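Working through the structure, step by step
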Amino acid sequence: WELRTRPFLRSAEFLWQEGHTAHATDTEAIATAEEMLGVYQQVARDLLAIPVIPGKKSSIERFAGAAETYTIEAMMQNGWALQAGTSHFLGQNFAKAFDVQYSTDNEEREHVWATSWGVSTRLLGALIMTHSDDNGLILPPKVAPVQVVLIPIVKASGGEEVVQCVEELAQKLKEGGIRVHVDDRPLRPGNKYYHWERRGVPFRMEIGQRDLKKGSAFCARRNNGAKSPLQIKNEDGSWTDVVSLVNKELDSIQSDMLAAATERRDQKTFRLSSYDEMKQKLAKEEYGFFLVPWAADDNNEEAIKADCKATIRCYPLEFQKEAEGKNCFYSGKPATHMAIFARAY
């Protein structure tokens, strides 16, 4: 439970996915902790279209009692960081505290090497803050409850043909595994557009009498507002391969959302060599990830947090070799790590 709450990120009670494993060796346990970190990274990237940076936590940020804490760190649109998931190598600390043992091949009893890992509904907050805009949600197609909304534009004459076409199209898309909804409510089209835009439906298809004559649907993408016709029928009146065409659009939206989030993160990732540079940027509210050489020191880390409210989000796995031969951006001592500092939720 949490005392201080924040909608979608930190609620008084929350749902989470959590796992624990026990191993005979530390090597097996570390491999499992790293494997689960990779799983969480894949979920964030491939399903939620959130680019995350995998890394290790500093000793201060490490889970209490863990020998090592791995994390995936995401950047929100305002440049603040969000811890999106963690995986812990617990060593034998908890096994000894709770006397968790196993029998070896030699029939001796030894304490296990353990892991713990989990993500929570905080990922929903990450999803909302990574992609959405002032008009409402923007959902990646792979996780959107409704991927396509069909809106028949019905007027006094010819309405039956439009409705029949929309129903047939909906059935074809459903049979193709696409999550589709037909909005046939007696409302103005503009009201329907706003309704589904606010809810983040990735792809909208409108069909009216004019579209029917052209054998097309007029389509709009939620992620960037792009609008264009999509051919749904051939000249002879037969259906095109609409399932493939719509899936192509959904795949494009998914990849474009990941690319946009990655570009935004990269533009707000700053490689700095001095602490003053980071303080100046933070003072001007130029938030982002500050990738810096760092000499691990708990006191210095606490001093920076007190001074400018920036914390070490992780030691990014990808960049650790860059620390060799560099001096700490804060103390000037030989760097032990490359660290990412940021303001964080």
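Now for a look at the structure at hand. (Residues numbered from 1 in each chain as written. Predicted model: local features only at pLDDT ≥ 70, side-chain atom pairs only at ≥ 80, totals over all residues. Heavy atoms only, no water.)

With that settled, the discussion passes to the sheet that holds strand β16 (residues 337-342). Strands sit in the order β1-β7-β4-β3-β2-β15-β16-β14-β13 across an open sheet of nine strands; the sheet is mixed. Both outer strands of the open sheet, β1 (16-23) and β13 (269-271), are each paired with one neighbouring strand and no more. Geometrically, the sheet is characterised by an average inter-axis angle of 30° between neighbouring strands, direction not taken into account. Taken together, the five bridges between strand β14 (residues 289-294) and β16 define a ladder with antiparallel strand orientation. (Pairing = 2+ DSSP bridges. Helix = DSSP H or I, 4+ residues; strand = E, 2+ residues; numbered from the N terminus. Axes fitted to C-alpha atoms, helices over the stretch in contact; angles between N-to-C directions.)

A separate point is helix α3 (residues 122-131). Of all 10 residues in α3, seven are buried; the element is thus mostly enclosed. Residues of α3 that are buried include every one of R122, L123, G125, A126, L127, T130 and H131, and no others. Looking at the buried residues of α3, the elements they touch are β3 (68-75), β4 (81-91), β7 (113-120) and α7 (242-267). (Buried < 20%, exposed > 50% of the residue type's maximum accessible area, 1.4 Å probe, protein only. Contact = heavy atoms within 4.5 Å.)

Taken together, the side chains of K155, R210, K213 and K214 make up a positively charged region of the molecular surface. Counting through the fold element by element, K155 comes out in the loop between β8 (148-152) and α4 (159-175). (Patch = residues over 30% accessible without salt bridge, like charges linked within 9 Å, V, L, I, M, F, W, Y side chains within 5 Å. Areas by Shrake-Rupley, 256 points an atom, 1.4 Å probe, with all protein chains shown as cover. Salt bridge = Lys/Arg side-chain N within 4 Å of Asp/Glu carboxyl O. Lys, Arg positive; Asp, Glu negative; His and termini not counted. Charge placed at Lys NZ, Arg CZ, Asp CG, Glu CD.)

Among the five residues in strand β2 (residues 52-56), four count as buried, and that is most of the element. The pairing of β2 with β3 spans five bridges and is antiparallel. Opposite K56, over in β3, you have Y70 as the bridge partner.

Here we take up the pairing of strand β12 (residues 227-231). Examined bridge by bridge, strand β11 (residues 216-221) and β12 share five bridges and lie antiparallel to one another. The partner of C219 across the bridge, within β12, is S228. Remark: five residues form the turn of the hairpin made by β11 and β12, two consecutive strands paired antiparallel; G225 in that turn has positive phi of roughly 75°.

Here the focus is the environment of A22. Following the sequence through the fold, A22 ends up in strand β1. On a C-alpha basis, the gap between A22 and T32 in space is 9.7 Å, while along the polypeptide they are 10 residues apart. Excluding residues that lie within four positions of it along the chain, A22 makes contacts with V112, W113 and A114.

Moving on: α4. Spanning 17 residues, α4 covers 24 Å between terminal C-alpha atoms, matching the ideal 24 Å at 1.5 Å per step. Of all the positions in α4, only G159, V162, C165, V166, L169, A170 and L173 are classed as buried. All buried residues of α4 project into a common sector of 135° when viewed along the axis, lining one side. Turned more than 90 degrees off the buried face of α4, the exposed positions are E160, E167 and E175. Looking at the buried side of α4, the elements it contacts are β8, β9 (180-182), β10 (203-207), α6 (209-214) and α7. (Expected span 1.5 Å × (residues − 1). Arc of directions from axis to C-beta.)

Evaluation of the coordinates by the stated rule reveals 15 salt bridges. A salt bridge links R222 to D133, with the shortest nitrogen-to-oxygen separation between them at 2.8 Å. Highlighted residues: R222 in the loop between β11 and β12 and D133 in the loop between α3 and β8, separated in sequence by 89 residues. Note on R222: relative accessible area 9%, which makes it buried. Look at D133 and you get partly exposed, because its relative accessible area is 34%.

Limitation: the analysis is restricted to geometry and does not speak to function.
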